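This is what each chain is made of:
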Amino acid sequence: MTEQNHAQHQSSSSIASYSLLYTISQIIGITLIIFVFYWIFEFRGGFGFSEPKIIFNWHPLFMTIGFIYLFANSILHYRTFRNQRKSDLKNQHAIIHGCVLIFVLLAGWASFASHIYSIPSIPNLYSLHSWLGVLTISMFLSQFISGFVSFLYPGVAVQYKEAIMPYHFFFGVLTFVLAIATSVLGFGEKLIFSLDKEYKNFPNEGLFGNFIGVLCCVYCGLIVYMVTKPEYKRLPKPEDSVLLTGNLD
């Protein structure tokens, strides 16, 4: 087998294994959304705007959709749709991040509104979960703005893009890990506050909530593995250099 054929075989093998893991990640991600929806509907009173506790229930659902599922798909986007033009992938990556931001803002509104309208009102931003949430959202916004300026704004030097890319990648993955950690901490906090002393008696809600947290960790590990494995990286295409330099020769 020639070196070129070996590289092609290795590439095909990597794509096949990535496709399998991607399918598994989609199943886990959608399952997480369904489980959070079921947990809220079955144990927390469902969704609505009639009272503060019900308003809050939008928070974990929107965060799961935005900061877990959509965020994961966004950072995998280049590897998943490797055959598309890089310019299209950039735009799609930014659009998905924009959708993440919308869900995060709605989730934040649900949390603040439920605290403000409670009688008596509940203080905001006092827990470790909320502090990590603010840190994660701040990092996400920084990534969003810096990514737009660096990679979508016309006229940015190629040398700057190449220099900033490793940091953009690292902090993107770090922000996703923080989002998962913050979510797991939030699930645990909600279970402790809601179940109080009953939590230690292994109630159904407690066991189900714990399982959601474990599944989040599994999902995080799988996504980080897929996005950091070198063999899964999208290979550069000839048109990519044209996109970077603007040189059609």
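In this text, all values refer to a predicted model and were calculated from it rather than measured experimentally. (Residues numbered from 1 in each chain as written. Predicted model: local features only at pLDDT ≥ 70, side-chain atom pairs only at ≥ 80, totals over all residues. Heavy atoms only, no water.)

### With respect to the overall build of the chain
Here is step 1 of the chain: Within the chain, the regular secondary structure consists of nine helices and zero strands.
Here is step 2 of the chain: The order of α-helices and β-strands along the chain, N terminus first, is α-α-α-α-α-α-α-α-α.
Here is step 3 of the chain: Counting only C-alpha atoms, the chain reaches 70 × 40 × 25 Å along its principal axes.
Here is step 4 of the chain: Of all 249 residues assigned to the chain, the portion counted as buried reaches 42%.
Here is step 5 of the chain: In the chain, the proportion of contacts linking residues at least 24 apart, taken out of those at least 6 apart, comes to 75%.
Here is step 6 of the chain: For the chain, the accessible surface area stands at approximately 14,100 Å², while carbon and sulfur atoms represent 69% of it.
Here is step 7 of the chain: Considering the chain, the positive charge centre built from 15 side chains and the negative charge centre built from 13 side chains are found 2 Å apart. (Helix = DSSP H or I, 4+ residues; strand = E, 2+ residues; numbered from the N terminus. Buried < 20%, exposed > 50% of the residue type's maximum accessible area, 1.4 Å probe, protein only. Contact = heavy atoms within 4.5 Å. Areas by Shrake-Rupley, 256 points an atom, 1.4 Å probe, with all protein chains shown as cover. Lys, Arg positive; Asp, Glu negative; His and termini not counted. Charge placed at Lys NZ, Arg CZ, Asp CG, Glu CD.)

### With respect to the nonpolar core
Here is step 1 of the chain: Within the largest apolar cluster, 47 residues are counted, with the highest numbers of intra-cluster contacts made by W39, F67, F176, I212 and Y219.
Here is step 2 of the chain: Secondary-structure elements contributing two or more residues to this core are α1 (3-43), α3 (58-75), α5 (86-117), α7 (158-195) and α8 (204-228).
Here is step 3 of the chain: Per element, the largest residue contribution to this core is twelve residues, and it comes from α3.
Here is step 4 of the chain: Filtering out sequence-adjacent residues up to four positions away, F67 remains in contact with F62, V100, V104, T136, I137, F140, F176 and A179. (Core = buried A, V, L, I, M, F, W, Y, C linked by side-chain atoms within 4.5 Å.)

### A few points about the packing of α3 against helix α6 (residues 128-152)
Here is step 1 of the chain: As a packed pair, α3 and α6 sit with axes 14 Å apart at the nearest point and diverge in direction by 40 degrees. With respect to α6, the axis of α3 lies oblique. Here α3 and α6 pass one another in a crossing that is left-handed. Contact with α3, carried on its side by H59, M63, F67 and F71, involves H129, T136, I137 and F140 of α6 and no other residues of that element.
Here is step 2 of the chain: Classifying every residue of the contact of α3 with α6 gives five nonpolar, three polar and no charged. (Axes fitted to C-alpha atoms, helices over the stretch in contact; angles between N-to-C directions. Parallel < 35°, antiparallel > 145°, perpendicular 65-115°, else oblique. Left-handed = near helix turned anticlockwise from the far one by under 90°. Nonpolar A, V, L, I, M, F, W, Y, C, P; charged D, E, K, R; others polar.)

### Points about the packing of aromatic side chains
Here is step 1 of the chain: What the rule picks out here adds up to 21 aromatic pairs.
Here is step 2 of the chain: Both rings, one in W39 and one in F187, keep their centres 5.7 Å apart while their planes meet at 75 degrees; by these two values the pair is edge-to-face. With W39 in helix α1 and F187 in helix α7, this pair connects stretches of sequence that are 148 residues apart. In terms of burial, W39 and F187 fall into one category: buried.
Here is step 3 of the chain: Taken together, F37, F41, F47, F49, W58, F62, F103 and W109 form an aromatic cluster joined through their ring pairs.
Here is step 4 of the chain: Its end group placed over the ring of Y18, R82 keeps NZ or CZ at 5.7 Å from the ring centre.
Here is step 5 of the chain: Above the plane of the ring of Y232 lies K229, whose end atom (NZ or CZ) is 5.7 Å from the centre. (Phe/Tyr/Trp six-rings, centres within 6.5 Å; stacked < 30°, edge-to-face > 60°. Lys NZ or Arg CZ within 6 Å of the ring centre and 35° of its normal.)

### Remarks on the UniProt feature "transmembrane region" (unreviewed entry) in the chain
Here is step 1 of the chain: Taking the numbering used here, the UniProt-annotated feature "transmembrane region" (unreviewed entry) corresponds to residues 20-41, 61-78, 99-119, 131-153, 165-187 and 207-227.
Here is step 2 of the chain: Here residues 207-227 runs as 100% helix and 0% strand, with 30 Å between its end C-alpha atoms. (UniProt positions renumbered as here; feature names shortened; annotations may be inferred.)

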